[in-house]
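These are the residues of each chain, in order.
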Amino acid sequence: MLQIIITLAIYIALVIPVGNYMYHIATNRKTFADPVFNRIDRMMYKVCRIKGEGMTWKQYAISLLMTNAVMVFAGYFILRVQGILLANPNQIEGMEPTLSFNTIISFMTNTNLQHYAGESGLSYLSQMVVITFMMFTSAATGYAACMAFCRGITGNSKGVGNFYEDVIRITTRILLPFSIVIGILLIWQGVPQTLAGTATVETIEGRLQDIAMGPVAALESIKHLGTNGGGFFGANSSTPFENPTIISNLIELYSMMLLPGACVITFGKMAAERKKEKTGNAVAKIKRNVTCFGSQGRTIFAAMSILFLVGLTVCYLAEKSGNPLLAEAGLDQTVGNMEGKEVRFGVAQSALFTTTTTSFTTGTVNNMHDSLTPLGGMIPMLHMMLNCVFGGKGVGLMNMIMYVILAVFLCGLMIGRTPEYLNKKIEGKEMKLVAIVLIIHPLLILGFSALAVMTGAGQEGITNPGFHGLSQVLYEYASSAANNGSGFEGLADNTYFWNITTGLAMFFGRYIAMIAQLAIAGSFLAKRRVNETVGTLRTDNVLFVFILVFVVYIFAALTFFPALALGPIAEHLVLWMP
Amino acid sequence: MEEQSKKTKFITKDIMKSAVIGSFQKLDPRYMIKNPVMFVVEIGFFITLVLTVFPTIFGDEANLRVYNGIVTVILFVTILFANFAESVAEGRGKAQAETLKKTKKDTTAVLLMKDGSEKKISASELKKGDIVIVRTNEMIPGDGEVIEGIASVDESAITGESAPVTREAGGDFSSVTGGTTVVSDWLKVRITSDPGHSFLDKMISLVEGASRKKTPNEIALNILLISLTVIFLIVVVTLYCFADYSGVEIPVATLIALLVCLIPTTIGGLLSAIGIAGMDRVTRYNVIALSGKAVEACGDVDTMILDKTGTITYGNRLAADFIPVEGIKKEDLIDYAVMTSLSDATPEGKSVVELGKTMGTRMEESVADQVEFVEFTAQSKMSGVNLEDGTQIRKGAFDAIKKYVAAKGGKIPSDLEKIVTDISSLGGTPLVVCVENVIYGVIYLKDTVKPGLVERFERLREIGIKTIMCTGDNPLTAATIAKEAGVDGFIAECKPEDKIDEIKKEQGEGKIVAMTGDGTNDAPALAQADVGLAMNSGTSAAKEAANMVDLDSDPTKILEVVEIGKQLLITRGSLTTFSIANDAAKYFAIIPAMFTLVIPQMQVLNIMKLSTPFSAILSALIFNAIIIPCLIPIAMKGVKYKPMRSEKMLLKNMGIYGLGGIIVPFIGIKLIDIVVTPLLALLGL
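In this numbering scheme, every chain counts its residues from 1 along its sequence in written order. Written order determines the labels here, with chains lettered from A and ligands numbered from 1. Totals for whole chains, interfaces and linings use every residue, but because this is a predicted model, local features are given only for residues with pLDDT of at least 70 and side-chain atom pairs only at 80 or more, for both listing and counting. As a rule here, side-chain values cover all heavy atoms of the structure and leave hydrogens and water aside.

## Details of the overall build of chain B
To qualify as a helix, a DSSP run of H or I must reach at least 4 residues; to qualify as a strand, a run of E must reach at least 2; elements of each kind are numbered from the N terminus. Along the backbone of chain B there are 24 helices and 22 strands. At 34 Å, chain B has a C-alpha radius of gyration far larger than the 26 Å of a compact globule built from 685 residues. Seen through its principal axes, chain B has C-alpha atoms that stretch 115 × 70 × 50 Å. The 685 residues of chain B split such that 56% are buried. Taken over C-alpha atoms, the radius of gyration is set against a globule rule of 2.2 Å times the number of residues to the power 0.38. Only protein chains enter the accessibility calculation, which uses a 1.4 Å probe; a residue is then buried when its area is under 20% of its type maximum, exposed when over 50%, and partly exposed in between.

In structure tokens:
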């Protein structure tokens, strides 16, 4: 328990300066590294002929979609013909069409759901040019959308920004430098980074074993930093070559938590900035607030933290209490449920990693989620269903703002004013867009899950009987729709049915929500600013934090309660109360 | 409910009767579809109805007929309750419309033809621009503008105010309303509205709720409710698949029961009733809101621009103090001042007596009979009494008394001039009192702030509403009154253009501005303001420009209207939160009941310890139905509103309707379960 607390305390210390740095980048402010990066960026703008004009939300969304589409087609092509291309020492063949479709959507949407095992399904070229490349671009896309969204709803500038400029700035100033440093740290801990083929060694028993290797460290760093989560190897971060030590485990934890948390801080500062601009002479007073969090950001950060800690506690306690059937059989359960966990991480670090990877929608795993206790496995599932507990690559923040708008709508009415957030009125148009985002998520998860359990093609993939089987299905679609990408593994998912349905879930889960959210930003931007008085609903105090948490649980958790009741909850009850 | 009906005539017999009929008429699906949440319930009702007749049609077991029947009945009652709520609200509006309609008898109008001849036609044939003559005891046939003549008009049919008012051509008193009666003299009126579009027609259709359009906030809330309905539809349909996969058989009626319990039927059923009732409450204050949007905007008002005279002060100058000149005792001054005023029926005179009494005058009222009263005339500029011994006591304007005393050979005290100018510079009126040729002192008359306003402005400030006073007075006078009333700002020597400029300035800062006005020159400002309340006594230009009209022409009412607007929004938000929070308990009733047969361990989730799965589901469904009529009184009367800081109010309402919304159904469902269990046992469930 203590190690979890220390880990989280260090996280808070790390996230604040990073948030501050991101804020400077999002608002085009001076940073210490400008002399270097400005030159690189200018060169790229010149080559790509980017003029950096402000875009409307529609232009921004179209640029985002077109850029993603180009990458999808190029990537798909490479995956199909990887067998005859370069850097393929292990002579891996081209990928099957539906799997390629699934894989390319998966990586473009920052989901990184893998229906293949990296060591046997991808050539080094694909790993580098498709997988690692997309890990950068999909994360940059997400953060760019988030920045545009923040600009829109805080209403600081005329447009929502320029997509191309955003993507370049995020990549050169955040993703690349950070991932280089993290990559080197991982190499120091023993993660391989090589283009040599699989090593074959003779084991002590005298047999031959293939040791899969490759350019792992480079992928590993961006995998976490960009909350991507797709492993180089099938077993992801539980294998020693991806995650060898407790230190590498911590590095990976921090790298996936860093940017989503920082996004909230960036947002908070942008929201505080908006106030500063308005009041003008009260700058000095507000500046004090700005230095750390920004009051609006602080509320959201606090609400997310509460959701995260509640989930973490449940997951940890569930894992800690172990499996009663094994205890009955005479197996010692004092260290908790160790099935599917790495001994070098133990229950605490595994529970923390599991909750983190699903809350921050990374999808990397350092233990097998299929082997978690029923309630321990419910938490990662639930957090993907909520999809707003920090969430990945800026998307989590945008989703949380949807719940904020919902909370504001109810609370605003309750104090006798038509609802407003950040000095903008919330009216029918915004509610429509929020409704789209709120409906699409359960529709994808529950709809596809129902389809899977009702059709033969879907049922073929389910490898466990009963309630756990349903959990497998729910987990797979929750992971897809939330663009998380972790697997409850165990599911035999490389079939036409699973490849196509999860591909669609990932696609719609990502783009419909993102476009609707950009539209909300555009609509906020176009609105007349309303005045703030003591009669205005405060969205930056403790009361609102609790209301927000309450709204998230009522709206999101209750939606999934019946499904969870038949899955993990039923499994838990049957396990503990025979 | 019994108690309320006595107090506020919440529901009369007539309303009850029409509401019951209305709730059945509204079952028509073509009407129901306007309320998507309740429409879903109605579809559920039809399905369970089919299941009652043919229990096996969707593959359920045959022994479920009774159960399906009970679900059908509860669903039917749920829809009726929701319709009833709406009908009651409409009924209350209609009752008011009826009284208005009575005044809208078909009157004959005397149309003045172009050649000067007169022609009698029916009032309903009058068109815009026609000119009519209305003589004593005739009813004014339509809304219009007086173009010639002056007359007193009885407007009690519209305003309820029995004293007739004067209407004359030109100026601010030139507008007349159809349905009012000329009680003396005659008027030549140019009709300003086409038949069916008169002010009265508009009012009737508004209070009836016939022309009610959904307000922007209502639309947004409706979207939220619809999306919740869609989400729960997804939940329930997919649950059927999951249950099937897990080997749990759920009867279709149970799924429908779960769906109906989860979708926000409570607020869905009450939403339109809340809106109608809100408008109705405004109407009860004798204010006609020309759109629901205006009432809603009231809740958001940040700044109120108020006229000084009439709104903040009475406009009459009342005694505020007695200031004796040097060498005179204050008691003596008070006594003589009161003596001069005992028979004085003017507001000023009365106020002198009143103030004197509070300051402890020794003068008895009976003294009035022993003295001779000298009335005020425009020539003398003073009034007073003559005692039996011939002593003359006078009070009056400074100049008049000065002359009067000088004529009698008296001296003017040296400090009098200063007292008089001090009072004048504060915007007050000095009345000098003298007995024979001795000047005693001065009565300080001043414009008085209406009682209770100071506290109200204080309350407004607490909820973040800024008040700005407009007055034609000089800055010094304005500042005095402003300070006394406790307004946040004032505009002295204010011209109508200044008002518009001020409104535009405030709106530029993103504020929502409300104002009252009556004159034609107020019209542009009324139109510019987000909430413009025109006085019914005002010109028709002002009324057209405003989005609300106060029939009593009491400008202070804007304060009430703002509170009603807020109350409307609070009621809407609170009941929505309550409705959504209810879902937690319903889940805990229904989910274990559904699965308990196959997974006995699910009983752990049955935290209410409901007796059987059937009773659990039916109890939740019954609770869901009866909570609607239980909340009708709140929907009609609005959540209690007391101005307070936004955080405090949020905490309070969240506590009552959010937390309460979670807890109440747990208790309610348990109680219902206790009642229905033996009944269900009799039916063999």
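## Description of the overall build of chain A
Secondary structure summary: chain A contains 20 helices and four strands in total. The C-alpha radius of gyration of chain A comes to 23 Å, within 12% of the 25 Å expected for a compact globule of 578 residues. With respect to the principal axes defined by its C-alpha atoms, chain A has extents near 80 × 60 × 45 Å. The 578 residues of chain A split such that 65% are buried. In what follows, a contact means two residues having at least one pair of non-hydrogen atoms within 4.5 Å. Long-range pairs, those at least 24 residues apart, make up 78% of the contacts in chain A between residues at least 6 apart in sequence. For the accessible areas, the method is Shrake-Rupley and the probe is 1.4 Å, while residue cover comes only from the protein chains on display. For chain A, the accessible surface area stands at approximately 19,800 Å², while carbon and sulfur atoms represent 67% of it. His is not counted here, nor are the chain ends, while Lys and Arg score as positive and Asp and Glu score as negative. Note on charges: their place is set at NZ of Lys, CZ of Arg, CG of Asp or CD of Glu. Taken as two groups, the 38 positive and 32 negative side-chain charges of chain A have centres that lie 21 Å from each other.

## Things to note about the sheet that holds strand β11 (residues 303-307) of chain B
Residue and element names in this part refer to chain B. Paired strands, in this sense, are two strands between which DSSP finds at least two bridges. The seven strands are arranged β10-β22-β21-β20-β11-β18-β19 in an open sheet whose pairing can be described as mixed. Two strands bound the open sheet, and with one partner strand each, they are β10 (287-289) and β19 (489-491). Looking at each pair of strands side by side, their axes are set apart by 20° on average, direction ignored. Both β11 and strand β18 (residues 466-470) contribute to a ladder of five bridges, which runs parallel. Paired with D307 across the strands is C470, a residue of β18. In this description, a line fitted to the C-alpha atoms serves as the axis of each element, helices being fitted only across the stretch in contact, and the angle between N-to-C directions of two axes falls anywhere from 0 to 180 degrees. On top of the sheet, helix α22 (residues 557-595) reaches β10, β11, β20 (513-517), β21 (531-535) and β22 (548-550); it is set at about 160° to β11, its chief contact.

## Overview of the environment of K114 of chain B
Note that K114 of chain B resides in the loop between β1 (108-112) and β2 (118-122). Between the C-alpha atom of K114 of chain B and that of D130 of chain B, which follows or precedes it by 16 residues, the distance is 9.7 Å.

## Digging into the UniProt feature "transmembrane region" (unreviewed entry) in chain B
Residues and elements named next belong to chain B. UniProt positions are given in the numbering used here, feature names are shortened, and annotations may be inferred rather than shown by experiment. Feature annotation in UniProt places "transmembrane region" (unreviewed entry) on residues 37-58, 64-85, 219-240, 252-276, 587-608, 614-635 and 656-683, given in this structure's numbering. Measuring from the first to the last C-alpha atom of residues 587-608 gives 11 Å, for a span that is 41% helix and 0% strand. Within residues 656-683, the helical portion is 100% and the strand portion 0%, while the C-alpha atoms at the span's ends are 38 Å from each other.

## Some points on the sheet that holds strand β7 (residues 175-176) of chain B
Residues and elements named next belong to chain B. Strand order in the open sheet formed by six strands is β2-β1-β3-β9-β4-β7, with antiparallel pairing between adjacent strands. Of all the strands in the sheet, just β2 and β7 have a single pairing partner and so form its edges. Sheet analysis places β1 next to strand β3 (residues 131-134), joined by two bridges and oriented antiparallel. Across the sheet, V110 pairs through a bridge with I133, a residue of β3.

## As for the packing of aromatic side chains
Residues and elements named next belong to chain A. Working definition: rings of Phe, Tyr and Trp (its six-membered ring) pair if their centres are within 6.5 Å, and the pair is stacked with planes under 30 degrees apart, edge-to-face with planes over 60 apart, and tilted otherwise. Applying the stated criterion to the full structure yields 25 aromatic pairs over all chains. Considering the side-chain rings of F507 and F508, the 5.5 Å spacing of their centres and the 75° angle between planes classify their relative orientation as edge-to-face. Residue classification places F508 among the partly exposed residues on the basis of a relative accessible area of 32%. Put simply, the rings of Y11, F301, F308, F360 and F390 pair up and form one aromatic cluster.

## Description of the packing of helix α3 (residues 57-81) of chain A against helix α4 (residues 97-108) of chain A
Residues and elements named next belong to chain A. Where α3 contacts α4, the axes come no closer than 9 Å and their chain directions differ by 140°. By the angle class used here, α3 and α4 are oblique. For the pair α3 and α4, the sense of crossing is right-handed. Here N68, M71, V72, G75, Y76, L79 and R80 of α3 lie close against α4, whose contacting residues are P97, S100, F101, T103, I104 and M108. The class makeup of the residues in the contact of α3 with α4 is eight nonpolar, four polar and one charged. Any angle between 65 and 115 degrees counts as roughly perpendicular, while under 35 counts as roughly parallel, over 145 as roughly antiparallel, and the rest as oblique. When the near helix sits turned anticlockwise from the far one by under a right angle, the crossing is termed left-handed; a clockwise turn instead gives a right-handed crossing. Asp, Glu, Lys and Arg are counted as charged, while Ala, Val, Leu, Ile, Met, Phe, Trp, Tyr, Cys and Pro are counted as nonpolar; the rest, among them Gly, fall into the polar class.

## Observations concerning the pairing of strand β14 (residues 382-386) of chain B
All names here are of chain B. With five of five residues buried, β14 is to be regarded as a mostly interior element. Burial of the side chains of β14 extends over both faces: M382, G384 and N386 are buried on one face and S383 and V385 on the other. Between β14 and strand β15 (residues 392-396), which pair antiparallel in sequence order, lie five residues; one of them, G390, sits at a positive phi of approximately 95°.

## Structural notes on the interface of chain B and chain A
Listed by partner, the interface residues are 64 residues for chain B and 64 residues for chain A. Here's the idea: put two parts together, see how much 1.4 Å probe accessible area each one loses, and the total over both is what we call buried area. It is F242, Y245 and L650 of chain B that lose the most area in chain B upon contact with chain A, and together they represent 14% of the buried surface on that side. Here a salt bridge means any side-chain nitrogen of Lys or Arg lying within 4 Å of a carboxyl oxygen belonging to Asp or Glu. At the junction of chain B and chain A, the tally comes to three salt bridges. In this structure, the salt-bridge partner of R538 of chain A is E647 of chain B, at a minimum N-O distance of 3.4 Å. For this analysis, a polar contact is any N or O atom pair within 3.5 Å, provided that within protein one partner can donate a hydrogen and the other can accept it, and provided that sequence-adjacent residues contribute only side-chain to side-chain pairs. One can count nine residue pairs in polar contact (both at pLDDT 80 or more) joining chain B with chain A. Per-element tally for the side of chain B that touches chain A: the top contributor is helix α8 (residues 216-245) of chain B, with 18 residues. Among the residues forming the side of chain B that touches chain A, the class breakdown is 36 nonpolar, 15 polar and 13 charged.

## Observations regarding empty space enclosed by the protein
All names here are of chain A. Here a cavity means grid points, on a 1 Å grid over the protein atoms only, where a 1.4 Å probe fits yet cannot get out; a pocket means an open set of points with protein on both sides within 12 Å along at least five of seven lines; lining residues are those with an atom within 4 Å of a point. Grid points are joined across faces, edges and corners, and a volume is the space filled by probe spheres set on the points. Following the criterion strictly, the structure yields 13 cavities of 30 Å³ or more and no others. Of the pockets and cavities examined, the largest cavity occupies roughly 270 Å³. In terms of lining, the largest cavity is formed by 26 residues, of which the most central are N399, Y403, V437, L438 and H441. Within the residue set of the lining of the largest cavity, elements represented by two or more residues are α14 (374-386), α15 (395-414), α16 (428-454), α19 (496-526) and α20 (542-576).

## A closer look at the nonpolar core
Among buried residues, those of type Ala, Val, Leu, Ile, Met, Phe, Trp, Tyr and Cys that are joined through side-chain atoms within 4.5 Å constitute a nonpolar core. In terms of nonpolar packing, the biggest core is built from 323 residues, with I300, M400, Y403, Y421 and F555 of chain A together with M304 and F595 of chain B touching the most fellow members. Looking at this core, the element that brings in the most residues is α20 of chain A, giving 22 residues. Setting aside anything within four residues of it in sequence, one finds F555 of chain A in contact with Y403, L406 and L410 of chain A together with L224, L228 and I580 of chain B. Counting 23 residues, the second largest nonpolar core, distinct from the first, contains F322, A337, V433 and L445 of chain B.

## A look at the pattern of salt bridges
All names here are of chain B. The tally for this structure, following the rule as stated, stands at 41 salt bridges over all chains. With a shortest N-O distance of 2.8 Å, D307 and K499 are connected by a salt bridge. Highlighted residues: D307 in strand β11 and K499 in helix α19 (residues 496-508), separated in sequence by 192 residues. The pair formed by D307 and K499 is uniform in burial state, with each residue classed as buried.

## Let's talk about the UniProt feature "active site" (unreviewed entry) in chain B
Residues and elements named next belong to chain B. Listed under "active site" (unreviewed entry) in the UniProt record, and renumbered for this structure, are D307. D307 gets classed as buried once you look at its relative accessible area, which sits at 19%. Ignoring any residue separated from it by four or fewer positions in sequence, one finds D307 in contact with I312, C470, K499, T516 and D522. Polar side-chain contacts of D307 include one of 2.8 Å to the side chain of K499.

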